[in-house]
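Notes for the structure review
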Amino acid sequence: LPHLPPTMATFGAAAPDPNPNKDILVSDPPNDGISSIAFSPAALAPKNFLVAGTWDNEVRCWEIQASGQTTAVGMIKHDGPVLAVAWSQDGQAIFSGGCDKTAKMWR
């Protein structure tokens, strides 16, 4: 058989799954890259939250449902890109640090 281009060699074969990990996109995503993420601590169980620091100067928080779907629950801004985010151990505060030379606490 002659060498066939990959598209011809897979003719009739099932297309690869474009989402093999079954990823779910967050609602109201950031407009730029994410530099840091942190999931909420066990102290907040059974609720589960995700917080992300972004290059567009934002710290965003989403609640994650058991289904994996998300709901945006809040956002704060820095005056420069956010480089790090973290939760307090009791889950009552979120900390962020950015290129604006500030660290912020969000309750």
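Anything mentioned here points back to the structure above.
Residues numbered from 1 in each chain as written. Predicted model: local features only at pLDDT ≥ 70, side-chain atom pairs only at ≥ 80, totals over all residues. Heavy atoms only, no water.

**Points about the overall build of the protein chain**
- Tallying secondary structure elements over the protein chain gives one helix and seven strands in all.
- Reading the secondary structure of the protein chain in the N-to-C direction produces α-β-β-β-β-β-β-β.
- Here the protein chain holds 107 residues, and the buried ones make up 32% of them.
- Entry remark: accessible area of the protein chain is about 7,200 Å², with carbon and sulfur atoms responsible for 60%. (Helix = DSSP H or I, 4+ residues; strand = E, 2+ residues; numbered from the N terminus. Buried < 20%, exposed > 50% of the residue type's maximum accessible area, 1.4 Å probe, protein only. Areas by Shrake-Rupley, 256 points an atom, 1.4 Å probe, with all protein chains shown as cover.)

**Structural notes on the sheet that holds strand β3 (residues 58-64)**
- Spatially, four strands are ordered β1-β2-β3-β4 in an open sheet, and the strand pairing comes out antiparallel. The sheet terminates laterally at β1 (34-39) and β4 (70-77), the two strands that pair on one side only. Each neighbouring strand pair of the sheet contributes to a mean axis angle of 20 degrees, computed without reference to strand direction.
- In terms of strand pairing, strand β2 (residues 49-54) meets β3 through five bridges, oriented antiparallel. (Pairing = 2+ DSSP bridges. Axes fitted to C-alpha atoms, helices over the stretch in contact; angles between N-to-C directions.)

**Some words on the nonpolar core**
- Within the largest apolar cluster, eleven residues are counted, these being A38, L44, F49, V51, V59, C61, V82, V85, W87, I94 and W106.
- The set of elements that each furnish at least two residues to this core consists of β2, β3 and β5 (82-87).
- Residue contributions to this core peak at three residues, all from β5.
- Ignoring anything within four residues of it in the chain, the contact list for C61 reads F49, L50, V51, T71, A72, V73, G74, W87, I94 and W106. (Core = buried A, V, L, I, M, F, W, Y, C linked by side-chain atoms within 4.5 Å. Contact = heavy atoms within 4.5 Å.)

**Digging into the sheet that holds strand β6 (residues 94-98)**
- One open sheet holds the three strands; their spatial order is β5-β6-β7, and the pairing between them is antiparallel. For this open sheet the edge positions go to β5 and β7 (103-106), each flanked by a neighbour on one side alone. The sheet shows a mean angle of 20 degrees between the axes of neighbouring strands, taken without regard to direction.
- In this structure, β5 lies alongside β6, joined through five bridges in antiparallel fashion. The residue bridging W87 from the neighbouring strand is I94, located in β6.

**Things to note about a nonpolar patch on the surface**
- Taken together, the side chains of I34, I37 and F39 define a hydrophobic patch exposed on the protein surface, amounting to about 310 Å² of accessible area.
- When you line up the elements, F39 lands in strand β1. (Patch = residues over 30% accessible without salt bridge, like charges linked within 9 Å, V, L, I, M, F, W, Y side chains within 5 Å. Salt bridge = Lys/Arg side-chain N within 4 Å of Asp/Glu carboxyl O.)

**Looking at unusual backbone geometry**
- The omega torsion of the bond from A45 to P46 falls at 15 degrees, within 30 degrees of zero and hence cis.
- Mapped onto the elements, P46 comes out in the loop between β1 and β2.
- Although it is not a glycine, N57 adopts a positive phi angle of roughly 75 degrees.

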